[in-house]
2 protein chains.
Amino acid sequence: MLIILALAIVFSLLLALLNYLRIKKKPAGTDQMAEISETIRQGASEFLKCEFRILYIAAAGIFLVLAVFVSFTGAACFLIGAAMSALAGLVGMKSATLANVRVTNEARETRDVGRTVGIALTGGSVMGLSVAGFALLGLFAVYIIFGVLLGQLEQQRITFHANFLSIADIPFTMSVSCYALGCSVIAMINRVGGGIYTKAADMGADLVGKSEYNIPEDDPRNPATIADNVGDNVGDVAGLGSDLLESYVGAITSSMILAIYTYYSKKGASDAISHSLLLRLVGYPLLFCSIGLLCCTAALAAFNLRRAGGDAKKTLDNTTYLSSALTVGLTALATNLYLPQDIALGGIGFSAGRFSPWICAVAGIIAGILIGQVADYYTSYAHKPALAVAKASEEGPALTITKGMALGMNSVLVPVMILGLCIIAAHATAGLYGVGMAAMGMLSFVAVTVSVDTYGPISDNAGGIAEMCHLDKEVRKITDSLDAVGNTTAAIGKGFAIGSAAFAALSLFASYLYALAGEDSASGISLVLNILNPLTLAGALVGGALPYLFSGILIESVAKTAETMVDEIRNQFRRNPEILEGAMKPDYNRCIHISSKGALKEMKKPAFIAVVSPLVAGFVFGPSFVGGLLIGTTLSAIMLAIYTANSGGAWDNAKKHIEDGHFGGKGSDAHNASIIGDTVGDPLKDTVGPSLDILIKIMSVVALITVSIFSRYNIMGLVL
Amino acid sequence: MLIILALAIVFSLLLALLNYLRIKKKPAGTDQMAEISETIRQGASEFLKCEFRILYIAAAGIFLVLAVFVSFTGAACFLIGAAMSALAGLVGMKSATLANVRVTNEARETRDVGRTVGIALTGGSVMGLSVAGFALLGLFAVYIIFGVLLGQLEQQRITFHANFLSIADIPFTMSVSCYALGCSVIAMINRVGGGIYTKAADMGADLVGKSEYNIPEDDPRNPATIADNVGDNVGDVAGLGSDLLESYVGAITSSMILAIYTYYSKKGASDAISHSLLLRLVGYPLLFCSIGLLCCTAALAAFNLRRAGGDAKKTLDNTTYLSSALTVGLTALATNLYLPQDIALGGIGFSAGRFSPWICAVAGIIAGILIGQVADYYTSYAHKPALAVAKASEEGPALTITKGMALGMNSVLVPVMILGLCIIAAHATAGLYGVGMAAMGMLSFVAVTVSVDTYGPISDNAGGIAEMCHLDKEVRKITDSLDAVGNTTAAIGKGFAIGSAAFAALSLFASYLYALAGEDSASGISLVLNILNPLTLAGALVGGALPYLFSGILIESVAKTAETMVDEIRNQFRRNPEILEGAMKPDYNRCIHISSKGALKEMKKPAFIAVVSPLVAGFVFGPSFVGGLLIGTTLSAIMLAIYTANSGGAWDNAKKHIEDGHFGGKGSDAHNASIIGDTVGDPLKDTVGPSLDILIKIMSVVALITVSIFSRYNIMGLVL
């Protein structure tokens, strides 16, 4: 298993390097193109540099706290996680800022959609492969360095049963949890910071440019244009990369931790044979993901070798299908070799034999695809709901907003039902471990999902560069066709992101309860969270409100930064009316600076809330309250995430549909109304939605790591 | 206790009748005023007539189902509840449609704010007193007719312990639950129907009138003006009346039911002394509310006798404070006489002796006031948040919407924390019974809250009539000052509505678990809902999504009807341009008809979902799933209700603030943006928010009534 893991890491990172060099070698086009792309690159680098400064401080602070209160190994693992997450974001952003202008240039030189898609996806693949490669590299390090300790668990078991709460002190689960925490914290900062950056620039540019002065998107006269393009790289590339790396790590580690907890929670299962089985069940998610990564590497390599045809959508779909089919098939084979037929975990029989965890993973994949399809149904203008939003724009912005909101609200039920059914099925097949495996399944071919997701902002940027350099209309048309495809595939990616976040959070939540649970003398631990306990109920209420607070703060941050941006743009137009005539270059850097400064200032509060709220709740109200808090937050955040993502997506697509010439087309009243809808939806779908996914995991991990402390020391416990 | 109850009913209904006659005696003003008020009255009556037809069918259907599957007495109680709820709505609407024009006339004749307030509050008091009076009258009937059976409970206990599930068959709890169901179903239909009616008319009028043609609100040239005014009576009077009657009944009955369940769930508590105590604990909520109603009647009578001063706000506040202070004081006295010092319920010791339930009720009142204050802070333009929304309007509608949404989301946490603390405190004082008592406390002086709430739409209508009859500006100014006060006091009323709905739903949910729970041999019933049971977890997920679906459908219904209205208004303007010049009377009746038809058509689906979803879930997935469903729905609905209410309120007040001349005043771009915000907020705050309050109670009651059936017969149980 470790060999396959090592192979996967090496191959994926090698291919990432190779693709990076291939991109770099390509020409960047005219001087103007090179200049603009250089501005974008610098803006993005500068922001990341500033962000990393905050990140160092946050990481150092958490490292110290962990080292003092938890353990030094845990603190070290935290740092590894943080480093991997930051690295993946950095590498992805570097390659995306190289690729964007080269995509434009390829379109300009060859006018060949196939070759253009090739560059864009190759650029994206650097990010995809790095995300998965670095995530597994970090896990490999943690596993090797501290996993040796897994063999020593046997000895620990005695201590463990003597004082059950010390289950949280099992070095391996602790190391893995801290590793996941490292990834989560960086993801949160990257996602929130990037999300505020990109949407403030986008909103600011739209508010003045489109709504007031009627100049098109990406027009070089708009001073915020380049900030908007920088934002794509900062938010949609670096932010998304850290985000999905965190999801990936969260899904893998929560399965591993659950396997250990489930095993140790039952006294009856402590014989030597089942212990060797435990080792296999802990290793199984790693094996599964290694195979997934190898398959992705193969699929992306195959794409590189073959000359892509003219149909961008087909190319992307083929790569996705190839990698997922390979993953499902090969993991089935590996399962057959790796797991014994007769398995059971902590007294829980696996109802489908050795294939039980595999079935759960596949169920997760299917659930993820279905959720993506539902999102696509609600947000794509090929279907009725988003079309109705577009049509409502004819009646003005109020109805556009109202209809889009209603659409988002209506879209919550079906995905959630799919999640519910998947939970019931996974639990019936392999217990709580199965729920973790379902999350892991969804993300097993993350390398390709991220590649395809990153392809989107690269194409978007490429279009922007074409516009700003006044290239031929034909060029813009090619990049637009690439961009359109990216939007559809991104919907499916979002399905996996939300679904896996929900499952990973629930698995971590179950681990939290294991870590907390008292031992039942007869049958080991009874895993119960009684919602009727008044403390738990109060916790669930407060927990349900946290995602709202978190979202509210994020939206306000975006709005606040966008307002400053609006003032700046207006000022530039007022002071130099020549800008509007195209006779003078606007001051792009001031806008870049505003976005950057706003994002850096505003991102601290939400990130802080995510990390600190379970701690405060734990030390004041104790572990039952925190149990309620976690489940309340998880439930509420899932709903809000789906609602915001789909409302935002529908407004975006309704606008695009109108821009395609329907309901009056560009410049009509309906178009103006749809722009307002899109502007409202932007922070919802690209800042709030994805950040909520991270919120629920970060809170669960923090609670899991600290429960052994606050379950002993809390104000409520001292008072009562 | 029964004597006090009877006295309260008689006195309150007498005063209601007296006030009704007093209002009727007043002159209606000029012929034009009489004509317009007649049109409003007819529109409202016609709608209620049509609505009642649907209501008969729904009631008859549910009656049959109850009679066949549950019990005939239950079905009869259901009908009593339905009749009381419908009656209260009808009486309130009758008096409101009489009072509105008389308020205008009083302002026209006397120019005296004090006398005008007098008419408006007297008109409102008819509704307030009827709501409380009819609610208690129905309960009295149920208590007398079927409460005799309470004495027979002793005999039932043996059956009960032999087959625990038959706890749901205890005749008294069943009767009371069915009575509450009757009130809930009518409230749901009235609230949803009225909410769609009024907001569709409002939205339609605003979309064309204010946004397109820049004609002011209530302008007689707008064909939807009268429909808008009818809507106020249908939605904000009749809808609100049934709604609060339902809350009132829900709060009282859930405490009564919980007392019985808590008692019978513990074998140890079955001696004769504690049984007589049980009777007192079951009667206590009735006693409390009777005293509350007597105090309200006294306060409102005192108001009638005294000549009101010129300060409208002071008058309303004084009446509210007087009634609540009287209630708190007198109930303390009554508690001292009615309850023995040493009380305990089902083994749960009451930590503050005989005053325990009283303390919980007072805690509920305090919580309700605090929640109202928070709502006031977030929505009133005297404070920063709503001001920021008004300011953002200068940057166009997108930022208005974004800021308002963020405000609503931010406003969820504090009220929910207050609820959480109140739950912890009430539970520590008197167990789950205490949580029910907290809900009851909030609503004990409902007669005054409803009077004050109804005063709002009456003043609103009065202003509309003044505008439409081209009366002196001075008159409009007086009615506007009345209206402004109504908005502030309504915020506190909403705090009580949301808080009591949450507590009542949780109490009913606890009763559901009692009805479901298996018996623990040693210590009676252990009341546990384990959220980690996969069925419960899946149920909680689906439950969390239901309020979103429900809200989405409601918003869409309003939008759809408003769109038809918009087309109609545009058509009238296009066909007869003289309307816009004021030379020709528009066809008001067509608009009234559109609102009415739309509301009647659209209200069926959401009402159906509310009643049927727990049944379907129960018969397919069984009782554990339904437990999750209820808690998921309750949590999610509380958050959504607060969010929608406060966002909507803030948009409304931001608009008013701009209309007062700030940020550019009427006709400015900021004003247009704020109108869009208000239009988006209208269905949120007046249709979705209040309906969610009813949703959670109706689902809990349905589940409670049917659990004994679907816990035995469900597909999941048959398959597994």
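Every chain is numbered on its own, with residues counted from 1 as its sequence reads. Chain labels run from A onward and ligand labels from 1 onward, assigned in the order the entries are written. In view of the model being predicted, local features appear only for residues whose pLDDT reaches at least 70, and side-chain atom pairs are presented and counted only at 80 or more, with totals across whole chains, interfaces and linings using the full set of residues. The basis for the side-chain values is all heavy atoms of the structure; hydrogens and waters are excluded.

## Some points on the side chain of A:S557
All names here are of chain A.
Phase 1: Turning to its location among the elements, S557 is positioned in helix 16 (residues 534-575).
Phase 2: We classify S557 as buried; its relative accessible area is 1%.
Phase 3: Here a polar contact is recorded for every N or O atom pair within 3.5 Å, except that within protein the pair must consist of a potential hydrogen donor and a potential acceptor, and residues adjacent in sequence are included only if both atoms are side-chain atoms. A polar contact is formed between the side chain of S557 and the backbone oxygen of I553, at a distance of 2.8 Å.
Phase 4: For S557, the side chain forms a polar contact with the side chain of E602, separated by 3.1 Å. Secondary structure elements follow DSSP: runs of H or I no shorter than four residues count as helices, runs of E no shorter than two count as strands, and numbering proceeds from the N terminus. Burial here depends on accessible area, computed with a 1.4 Å probe over protein chains only, as a share of the maximum for the residue type. Under 20% is buried, over 50% is exposed, and the range in between is partly exposed.

## With respect to helix 6 (residues 171-213) of chain B
All names here are of chain B.
Phase 1: Helix span is expected to be 1.5 Å times the residue number reduced by one. Given a rise of 1.5 Å per residue, 43 residues ought to cover 63 Å, and the 61 Å separating the end C-alpha atoms of helix 6 matches this to within 8%.
Phase 2: Here the bend at each residue means the angle between axes fitted to two seven-residue stretches, the one ending at that residue and the one beginning there. Taking the largest bend as the criterion, helix 6 deviates by roughly 30°, centred on D206.
Phase 3: A positive backbone phi angle near 55° is found at N214, which sits one or two residues after helix 6.

## Notes on the interface of chain B and chain A
Phase 1: Listed by partner, the interface residues are 68 residues for chain B and 68 residues for chain A.
Phase 2: Overall, the association of chain B and chain A removes approximately 6,300 Å² of surface from exposure, summing both partners, and the carbon and sulfur fraction of that is 79%.
Phase 3: Considering only the side of chain B, the residues that lose the most area to chain A are B:L532, B:L541 and B:Y548, jointly responsible for 12% of the buried surface there.
Phase 4: What counts as a salt bridge is simple: a side-chain nitrogen of Lys or Arg found within 4 Å of a carboxyl oxygen of Asp or Glu. Our count for the chain B to chain A interface comes out at four salt bridges.
Phase 5: The partner of B:R570 in a salt bridge is A:E395, and the shortest N-O contact between them spans 3.0 Å.
Phase 6: Summed over the shared surface of chain B and chain A, the result is eleven residue pairs in polar contact (both at pLDDT 80 or more).
Phase 7: At the level of secondary structure, the elements contributing two or more residues to the side of chain B that touches chain A comprise helix 6, helix 12 (397-410), helix 13 (413-443), helix 15 (473-516), helix 16 (534-575), helix 20 (623-659) and helix 21 (669-710) of chain B.
Phase 8: Under the scheme applied here, ten amino acids are nonpolar (Ala, Val, Leu, Ile, Met, Phe, Trp, Tyr, Cys and Pro), four are charged (Asp, Glu, Lys and Arg), and all others, including Gly, are polar. For the side of chain B that touches chain A, a count of residues per class yields 53 nonpolar, nine polar and six charged. The criterion used for residue contact is that any of the two residues' heavy atoms lie within 4.5 Å. Two parts placed together each lose some accessible area under a 1.4 Å probe, and the buried area is that loss summed for both.

## Some remarks on the packing of aromatic side chains
All names here are of chain A.
Phase 1: Stacked, edge-to-face and tilted are the three classes for Phe, Tyr and Trp ring pairs, Trp counted by its six-membered ring, which pair at centre distances within 6.5 Å; planes under 30 degrees apart are stacked, over 60 edge-to-face, the rest tilted. All told, the structure shown has 28 aromatic pairs over all chains when counted by the stated rule.
Phase 2: For the pair F621 and F625, a centre-to-centre distance of 4.5 Å together with 25° between the ring planes defines the contact as stacked.
Phase 3: What makes F621 partly exposed here is its relative accessible area of 22%.
Phase 4: A relative accessible area of 5% places F625 in the buried class.
Phase 5: Should the NZ of a Lys or the CZ of an Arg lie within 6 Å of a ring centre and within 35 degrees of the ring normal, that charge is described as sitting over the ring. Above the plane of the ring of Y338 lies R280, whose end atom (NZ or CZ) is 4.9 Å from the centre.

## Digging into the relation of the copies chain B and chain A
Phase 1: Alignment of copies: least-squares fit on C-alpha atoms of residues with pLDDT of at least 70 in both copies. It takes a turn of 180° to lay chain B on chain A, together with a shift of 0.0 Å along the axis; the resulting RMSD is 0.0 Å. Between the two chains, the operation in question is that of a two-fold axis. Residue B:N530, judged by its C-alpha, is the member of chain B lying nearest the rotation axis, at 2.5 Å.
Phase 2: The overlap is high: 100% of the interface residues of chain B also sit at the interface in chain A, so the same surface is used on both sides.

## Topic: the nonpolar core
Phase 1: Grouping buried Ala, Val, Leu, Ile, Met, Phe, Trp, Tyr and Cys residues that are joined through side-chain atoms within 4.5 Å yields what is termed a nonpolar core. In terms of nonpolar packing, the biggest core is built from 525 residues, with A:L136, A:L181, B:L136 and B:L181 touching the most fellow members.
Phase 2: Each residue touching B:L181, except ones within four places of it in the same chain, is listed here: B:I62, B:L66, B:F78, B:I698, B:V701, B:V702 and B:I705.

## Side note on a positive patch on the surface
All names here are of chain A.
Phase 1: Surface patches are defined over residues having more than 30% relative accessible area and no salt bridge, joining like charges when they lie within 9 Å and nonpolar side chains (Val, Leu, Ile, Met, Phe, Trp, Tyr) when within 5 Å. All accessible-area figures derive from a Shrake-Rupley calculation using a 1.4 Å probe, and residue coverage is judged against the displayed protein chains alone. By the counting rule applied here, Lys and Arg register as positive and Asp and Glu as negative, while His and the ends of each chain are not counted. Charge placement uses NZ in Lys and CZ in Arg. For Asp and Glu, CG and CD serve respectively. Taken together, the side chains of K24, K49, R53 and K94 define a basic patch exposed on the protein surface.
Phase 2: Summarising the element assignment, K49 is placed in helix 2 (residues 31-69).
Phase 3: The class of K49 is exposed, set by a relative accessible area of 57%.

## Considering unusual backbone geometry
Phase 1: Here the phi dihedral of A:H470 falls at roughly 50°; this positive angle occurs in a residue that is not glycine.
Phase 2: Considering the arrangement of structural elements, one finds A:H470 in the loop between helix 14 (446-468) and helix 15 (473-516).
Phase 3: At B:R111, a residue that is not glycine, the phi angle is positive and equals roughly 55°.
Phase 4: Here B:R111 shows up in the loop between helix 3 (72-110) and helix 4 (113-147).
Phase 5: For B:R111, a relative accessible area of 39% gives the class partly exposed.

## Structural notes on the confidence of the model for chain A
All names here are of chain A.
Phase 1: The predictor attaches a confidence to each residue, called pLDDT, with possible values from 0 through 100. Averaged over all residues, the pLDDT of chain A equals 86, while 92% of them reach at least 70.
Phase 2: Mean pLDDT values over the elements of chain A span from 42, in strand 3 (residues 519-520), up to 95, in helix 12 (residues 397-410).
Phase 3: Low confidence marks residues 153-168, where pLDDT is under 50. Its contacts with residues over four positions away, or in another chain, come to 39 contacts.
Phase 4: Counting interchain partners and residues more than four positions distant, the pLDDT-below-50 stretch residues 519-524 has nine contacts.
Phase 5: We note a pTM of 0.93 for the whole complex and an ipTM of 0.92 for its interfaces.

## A closer look at the packing of helix 13 (residues 413-443) of chain A against helix 20 (residues 623-659) of chain A
Residues and elements named next belong to chain A.
Phase 1: Here the axes come from fitting lines to C-alpha atoms, over the contacting stretch only for helices, and the angles between their N-to-C directions go from 0 to 180 degrees. Between helix 13 and helix 20, the least distance of the axes is 10 Å, while the angle of their chain directions is 140°. The orientation of helix 13 relative to helix 20 falls into the category oblique. Here helix 13 runs over helix 20; the crossing is right-handed. The residues of helix 20 that touch helix 13, namely those facing P415, V416 and L419, are I638, M639 and I642.
Phase 2: Among the residues forming the contact of helix 13 with helix 20, the class breakdown is six nonpolar, no polar and no charged. Our angle categories are set so that under 35 degrees counts as roughly parallel, over 145 as roughly antiparallel, 65 to 115 as roughly perpendicular, and the remainder as oblique. Each crossing gets its hand from how the near helix is turned against the far one by less than a right angle, where anticlockwise is left-handed and clockwise is right-handed.

## What about the packing of helix 19 (residues 604-621) of chain A against helix 20 of chain A?
Residue and element names in this part refer to chain A.
Phase 1: The N-to-C vectors of helix 19 and helix 20 enclose an angle of 145°; their axes lie 7 Å apart at closest approach. Residue-level inspection shows S613, P614, A617, G618 and F621 of helix 19 in contact with helix 20, the latter providing P623, F625, V626 and L629.
Phase 2: Counted by class, the contact of helix 19 with helix 20 contains seven nonpolar, two polar and no charged residues.

## Notes on the environment of A:G329
Phase 1: Within the secondary structure layout, A:G329 lies in helix 9 (residues 312-338).
Phase 2: For the pair A:G329 and A:I291, spaced 38 residues apart in sequence, the C-alpha to C-alpha distance is 10.0 Å.

## Examining a nonpolar patch on the surface
Phase 1: Among the surface-exposed residues, A:I3, A:L7, A:V10, A:F11, A:L14, A:L17 and A:L21 lie close enough to one another that they form a single nonpolar patch of about 680 Å² accessible area.
Phase 2: In this fold, A:I3 is placed in helix 1 (residues 2-25).

## Things to note about the state of the cysteines
What we call a disulfide is simply a covalent bond connecting the sulfur atoms of a pair of cysteines.
Residue and element names in this part refer to chain A.
Phase 1: The disulfide definition used here is simple: a pair of cysteine sulfur atoms within 2.5 Å. Applying the stated criterion to the full structure yields zero disulfides over all chains.
Phase 2: The cysteine C77 is free of any disulfide, with C178 supplying the nearest cysteine sulfur at 6.6 Å.
Phase 3: Between C296, a free cysteine, and C295, which holds the nearest cysteine sulfur, the sulfur-to-sulfur gap is 6.9 Å.
Phase 4: By relative accessible area, which is 0% here, C296 ends up buried.

## Considering the pattern of salt bridges
All names here are of chain A.
Phase 1: Using the criterion set out here, one finds 48 salt bridges over all chains in the structure.
Phase 2: One salt bridge in this structure joins E106 and R115, with 3.4 Å as the shortest N-O distance.
Phase 3: Residue classification places E106 among the buried positions, given a relative accessible area of 6%.
Phase 4: What makes R115 partly exposed here is its relative accessible area of 42%.
Phase 5: Note that D317 is salt-bridged to K313, the shortest N-O span being 3.0 Å. With D317 and K313 both in helix 9, this residue pair falls four residues apart, about one helical turn.
Phase 6: With a relative accessible area of 19%, D317 lands in the buried category.
Phase 7: Relative accessible area serves as the criterion here: at 37%, K313 is assigned to the partly exposed category.

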